[in-house]
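Coordinate analysis (summary)
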Amino acid sequence: MPSVNLTLRLDQKVIELGKRYAKEQGTSLSKLVEQHLLKLVEPVQEPIQVVEIPSHILALMGTPKSGPRQSSQELYAEYADYVASKHLSLEEE
């Protein structure tokens, strides 16, 4: 993407400090501002967390249904639904 000029009005002291910092970092003040703005507007991506379900928990869930092998996440969701339904039915009694 081509660069375009932008005029900013900043306090002279802020500009001097920014230029000094940029020089220490081996970059220009323009590049420093550009990088900072990109960090502010880029979408935040949450890291994907993979949870391994311990075998003793899987054992409590019983044997998998026949057919294709279910993933740990599918098994856990099934188990969580089962526990929630048991818990909710106990509250109703």
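What counts and how
- Residues numbered from 1 in each chain as written.
- Predicted model: local features only at pLDDT ≥ 70, side-chain atom pairs only at ≥ 80, totals over all residues.
- Heavy atoms only, no water.
- Helix = DSSP H or I, 4+ residues; strand = E, 2+ residues; numbered from the N terminus.
- Buried < 20%, exposed > 50% of the residue type's maximum accessible area, 1.4 Å probe, protein only.
- Areas by Shrake-Rupley, 256 points an atom, 1.4 Å probe, with all protein chains shown as cover.
- Salt bridge = Lys/Arg side-chain N within 4 Å of Asp/Glu carboxyl O.
- 1 Å grid on protein atoms, 1.4 Å probe; cavity = no way out; pocket = protein on both sides within 12 Å on 5 of 7 lines; lining within 4 Å.
- Points joined across faces, edges and corners; volume = space filled by probe spheres on them.
- Expected span 1.5 Å × (residues − 1).
- Arc of directions from axis to C-beta.
- Contact = heavy atoms within 4.5 Å.
- Polar contact = N/O pair within 3.5 Å; in protein donor to acceptor, adjacent residues only side chain to side chain.
- pLDDT = per-residue confidence, 0-100.
- Patch = residues over 30% accessible without salt bridge, like charges linked within 9 Å, V, L, I, M, F, W, Y side chains within 5 Å.

1. Remarks on the overall build of the chain
Helix and strand counts for the chain come out as four helices and zero strands. Each helix and strand of the chain, ordered N terminal to C terminal, gives the series α-α-α-α. Going through the 93 residues of the chain one by one, you find that 8% of them count as buried. Here the chain has roughly 9000 Å² of accessible surface; of this, 57% comes from carbon and sulfur atoms.

2. Side note on the pattern of salt bridges
Using the criterion set out here, one finds one salt bridge in the structure. Lysine 31 serves as the salt-bridge partner of glutamate 34, at 3.2 Å between the closest nitrogen and oxygen. Residue glutamate 34 and its partner lysine 31 are both found in helix H2 (residues 29-41); the two are separated by three residues, about one turn of the helix. In this structure glutamate 34 comes out as partly exposed when scored by relative accessible area, which is 40%. Taking the relative accessible area as the measure of exposure, lysine 31 reaches 38% and is therefore partly exposed.

3. Looking at the layout of surface pockets
Approximately 610 Å³ is the volume found for the largest pocket. Around the largest pocket, the lining comprises 16 residues; the ones closest to its centre are Val4, Leu6, Ser30, Val33 and Glu34.

4. Comments concerning helix H1 (residues 12-24)
A rise of 1.5 Å per residue sets the reference length of H1, with its 13 residues, at 18 Å; its end C-alpha atoms lie 19 Å apart and thus fit the reference within 8%. Those residues of H1 that fall on the buried side of the exposure criterion are Ile15, Gly18 and Ala22. Axial view of H1: buried residues confined to an arc of 65 degrees, hence all on one face. Of the exposed residues in H1, the ones pointing more than 90 degrees away from its buried face are Lys23 and Glu24. Of the surrounding secondary structure, the elements contacted by the buried residues of H1 are H2. By the N-cap criterion, in which a side-chain oxygen at the helix start approaches the backbone nitrogen of a residue two or three places on, H1 is capped by aspartate 11, the distance to lysine 13 being 3.1 Å. One or two positions beyond H1, positive phi appears at glycine 26, with a value near 75 degrees.

5. What about the confidence of the model for the chain?
Taken as a whole, the chain shows an average pLDDT of 81; of its residues, 84% reach a score of 70 or greater. Taken element by element, the chain is modelled with least confidence in helix H4 (residues 72-92), mean pLDDT 74, and with most confidence in H1, mean pLDDT 95.

6. So, a nonpolar patch on the surface
On the surface, Leu6, Leu8, Leu10, Val14, Val33, Leu37, Leu38, Leu40 and Val41 cluster together into a nonpolar patch covering about 890 Å² of accessible area. When residues of the nonpolar patch are assigned to their parent elements, the largest contribution, five residues, is made by H2. With respect to the element layout, leucine 6 can be found in the segment before H1.

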